[in-house]
Amino acid sequence: MTARSRLREFLRQSILAKPRFTVALFLLFVALLAPWIAPADPAAQNLPGRLQAPSHGHWMGTDELGRDVLSRTMYGARVSLMVAICVVAGCGLTGLAIGMLAGYAGGWFDRVVNLLFINAFLSFPGILLAIAFAAFFGPGIGKVILALIITGWAGYARLARAQVLKVKELEFILAARSLGASHRRVLLRHLLPNILQPILIQATIGMAGAILAESTLSFLGLGVLSPIPSWGSMLNDARGHLFDAPYMVVFPALAVVSAVLSFNLLGDAWRDWLDPRTRSQLAALEHSR
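About the criteria used
- Residues numbered from 1 in each chain as written.
- Predicted model: local features only at pLDDT ≥ 70, side-chain atom pairs only at ≥ 80, totals over all residues.
- Heavy atoms only, no water.
- Core = buried A, V, L, I, M, F, W, Y, C linked by side-chain atoms within 4.5 Å.
- Buried < 20%, exposed > 50% of the residue type's maximum accessible area, 1.4 Å probe, protein only.
- Helix = DSSP H or I, 4+ residues; strand = E, 2+ residues; numbered from the N terminus.
- Contact = heavy atoms within 4.5 Å.
- Phe/Tyr/Trp six-rings, centres within 6.5 Å; stacked < 30°, edge-to-face > 60°.
- Axes fitted to C-alpha atoms, helices over the stretch in contact; angles between N-to-C directions.
- Parallel < 35°, antiparallel > 145°, perpendicular 65-115°, else oblique.
- Left-handed = near helix turned anticlockwise from the far one by under 90°.
- pLDDT = per-residue confidence, 0-100.

### Observations regarding the nonpolar core
Reasoning step 1: Within the largest apolar cluster, 55 residues are counted, with the highest numbers of intra-cluster contacts made by L148, L191, I211 and W231.
Reasoning step 2: Elements with a minimum of two residues in this core: α2 (17–37), α3 (69–105), α5 (126–137), α6 (141–167), α7 (171–178), α8 (183–219), α9 (231–237) and α10 (247–274).
Reasoning step 3: Looking at which element gives the most residues to this core, the answer is α3, with 14 residues.
Reasoning step 4: With residues up to four places along the chain from it excluded, the contact list for I211 reads S80, L81, A84, W231, A259, V260 and F263.
Reasoning step 5: Among the nonpolar cores identified, the runner-up in size contains six residues, and I118, W153, A154 and A157 belong to it.

Here's what the structure looks like:
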């Protein structure tokens with residue numbers, strides 16, 4: 001079965017997958033095409049037209065500096081998705097490498113990595129640790145990505161380590177070792193393909209967490225630098241106009257909620273579909289229609 005046919009089957013059988021996949025695809029489409037579809041320059045100020053309510057000229061109104069809220073929301077999707085993709089890729093690769101090595105090596109190396117590194121990072125609240133690192137590094141997209149990678153890799157490492165500890169004792173791994181396969185071959189050709197599915201599910205859900213973390217840091221002034229638009233910084237700018245211009249809060253908040261909810265539910269739907277028992281129930285439900 002090809003990847004396209006598996007995706008088509010997944011979207012057809014899962015009730016939650018199709019609308020959430022559509023929302024995630026729409027956000028990605030908006031982020032990629034924002035320079036061409038945005039109605040105005042997100043940094044262009046127009047003080048005489050400040051705090052205008054949503055109208056035909058400005059579908060989401062203007063902010064306190066007269067900037068178009070719709071354009072800033074579109075460009076904010078670029079920042080949030082870019083940060084989320086980089087953070088998930090960095091956390092996933094780092095955690096996967098450390099967790100696989102610790103679980104495969106075992107012994108004192110596994111105990112040191114598990115106790116001193118993984119559990120130490122997981123013992124702190126993630127967002128507080130991210131705020132601390134972001135405050136230490138200073139604002140900026142690259143520094144936000146680095147701070148979130150440092151605080152987020154431990155969850156992937158724990159999951160990868162647990163999967164390796166389970167899989168490395170199976171018969172096909174023992175057979176590969178008995179045939180003289182090197183440690184590198186066992187890790188890359190035998191272990192990695194068999195532990196990758198839970199990591200990918202964690203990465204899908206981690207996209208939502210990264211978007212929310214970036215918005216939180218930007219809201220606190222520790223994220224991207226002005227005048228680059230970000231959903232969190234837009235919410236921070238709108239705090240003083242909650243009652244006289246509530247649309248400044250509503251539209252960025254809806255963007256954050258839609259993105260976080262879509263990736264969370266998409267990850268849950270994918271996890272349920274990969275479970276053989278749930279997948280058989282979905283298939284039976286589809287045939288009964």
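Next comes the rest of the write-up.
### Remarks on the packing of aromatic side chains
Reasoning step 1: A full pass over the atoms with the stated rule returns four aromatic pairs.
Reasoning step 2: On the numbers, 5.4 Å between centres and 65° between planes, the contact of F121 with W153 is edge-to-face. Placement of F121 in helix α4 (residues 107–122) and of W153 in helix α6 is noted, with a sequence separation of 32 residues between them.
Reasoning step 3: A residue is classified by how much of its surface remains accessible, and F121, at 23% relative accessible area, is partly exposed.
Reasoning step 4: Joined through ring pairs, the aromatic side chains of F133, F136 and F137 make up one cluster.

### Describing the side chain of S215
Reasoning step 1: By the secondary structure assignment, S215 is in helix α8.
Reasoning step 2: By relative accessible area, S215 is classed as buried at 6%.
Reasoning step 3: Discounting chain neighbours no more than four positions away, the residues touching S215 are W231, G232 and V256.

### Structural notes on the packing of α6 against α8
Reasoning step 1: Across the interface, α6 lies against α8 with an axial gap of 10 Å and an inter-helix angle of 155°. In this view, α6 runs roughly antiparallel relative to α8, as classed from their interaxial angle. The interaxial crossing formed by α6 with α8 has right-handed handedness. Residue-level contacts link V144, L148, Y156, L159, A160, Q163, V164 and V167 of α6 to L191, N194, I195, P198, I199, Q202, A203, G206, A210, A213, E214 and L217 of α8.

### Re the environment of V112
Reasoning step 1: Positionally, V112 belongs in helix α4.
Reasoning step 2: Judged by its relative accessible area of 31%, V112 falls in the partly exposed class.
Reasoning step 3: Separated by ten residues in sequence, V112 and A102 have C-alpha atoms that sit 8.8 Å apart.

### Here's the deal with the confidence of the model for the chain
Reasoning step 1: Mean pLDDT over the chain: 82, with 88% of residues reaching 70 or higher.
Reasoning step 2: For the chain, the element scoring lowest by mean pLDDT is helix α11 (residues 276–288), at 52; α3 scores highest, at 90.

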